[in-house]
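# Architecture at a glance
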Amino acid sequence: DTLKLVKDGAFANCDSLEEIRIPKNVIILSESVFEGCGGLKEVEFEHKIEKVNSRAFADCVLLNSFPVQNVKKIGDFAFMNCNELSGVVFSDDIQEVGTAAFYGCAIESITFPKTVSKIKESSFENCKKLFQIGIKNENITIESRAFKGCARLDYVNGISHNSNVFSDAFSGCPTEKDVKEITNK
């Protein structure tokens, strides 16, 4: 009943692992804890997870959804190259999404609540199926390459002249010109 954290890399590269149930006491997922688990498809939680550390699920190519409700922080590269990951819904608890956290994922639509003030560098780069995003914080900062290469991204809602959008944040996206016009950058 006292386990709150699983050791860094504890299950890394365990290809035979297909599903995992995280016990209710665990509130933090360590760095690289499931990295490279090529067969992992499903993750279930008995309770809420507050933090998903760097590379926790990187290269879990079959992981198709992740229940991010109640998660406050998602570390750098946490879900990088999870090619099947499409089911991600942020709750109002989310505060931080790390650099390249969802790089190359299959996410189609995402909404950022007011609690997110910054979308870090390359967070959603090369999410080729992403077609729409919603932003509820008009003062948001969107860093370099945050949505670069999202070739289907044709709808962005919530960006205003108050938003700080780096000039290459939407590079290679159909919305790139529209975003630059709104933010004058």
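Higher on the page you've got the structure.
Summarised in this report is the structure supplied together with it. Here the structure is a predicted model, which means the values were calculated and not measured. (Residues numbered from 1 in each chain as written. Predicted model: local features only at pLDDT ≥ 70, side-chain atom pairs only at ≥ 80, totals over all residues. Heavy atoms only, no water.)

### Observations regarding the packing of aromatic side chains
Applying the stated rule across the entire model yields 14 aromatic pairs. Ring plane angle 10 degrees and centroid distance 5.4 Å describe the contact between Phe11 and Phe34, whose orientation is recorded as stacked. With a gap of 23 residues between them, Phe11 in the segment before β1 (19-22) and Phe34 in the loop between β2 (28-29) and β3 (42-45) connect regions that are remote in the sequence. Where Phe90 meets Phe112, the ring centres are 5.8 Å apart and the plane angle is 35 degrees; that geometry is what we call tilted. Placement of Phe90 in the loop between β5 (73-74) and β6 (96-97) and of Phe112 in strand β7 (residues 109-112) is noted, with a sequence separation of 22 residues between them. One aromatic cluster is present, formed by Phe11, Phe34, Phe45, Phe57, Phe66, Phe79, Phe90, Phe102, Phe112, Phe124, Phe147 and Phe170 through successive ring pairs. (Phe/Tyr/Trp six-rings, centres within 6.5 Å; stacked < 30°, edge-to-face > 60°. Helix = DSSP H or I, 4+ residues; strand = E, 2+ residues; numbered from the N terminus.)

### Topic: the nonpolar core
Across soluble globular proteins, you tend to see nonpolar side chains buried next to one another. Within the largest apolar cluster, 53 residues are counted, with the highest numbers of intra-cluster contacts made by Phe57, Phe79, Phe102 and Phe147. Ignoring anything within four residues of it in the chain, the contact list for Phe57 reads Leu29, Phe34, Leu40, Val43, Val52, Leu63, Phe66, Ala78, Phe79 and Cys82. (Core = buried A, V, L, I, M, F, W, Y, C linked by side-chain atoms within 4.5 Å. Buried < 20%, exposed > 50% of the residue type's maximum accessible area, 1.4 Å probe, protein only. Contact = heavy atoms within 4.5 Å.)

### Let's talk about the pairing of β3
Burial of β3 is one-sided: the residues Val43 and Phe45 facing one way are buried, the residues Glu42 and Glu44 facing the other way are not. Across four bridges, β1 lies against β3 in parallel orientation. The residue of β3 that forms the bridge with Ile22 is Phe45. (Pairing = 2+ DSSP bridges.)

### Considering the side chain of Ser123
Assignment of secondary structure puts Ser123 in the loop between β8 (118-119) and β9 (132-135). When its relative accessible area of 0% is taken as the criterion, Ser123 is described as buried. A polar contact of 3.1 Å, which involves the side chain of Ser123, links it to the backbone oxygen of Gly98. A polar contact is formed between the side chain of Ser123 and the backbone oxygen of Lys120, at a distance of 2.7 Å. Beyond its immediate sequence surroundings of up to four residues, Ser123 is in contact with Val97, Gly98, Thr99, Ala100, Ala101, Phe102, Tyr103 and Ala146. (Polar contact = N/O pair within 3.5 Å; in protein donor to acceptor, adjacent residues only side chain to side chain.)

Shape is all these values report; function is a separate question.
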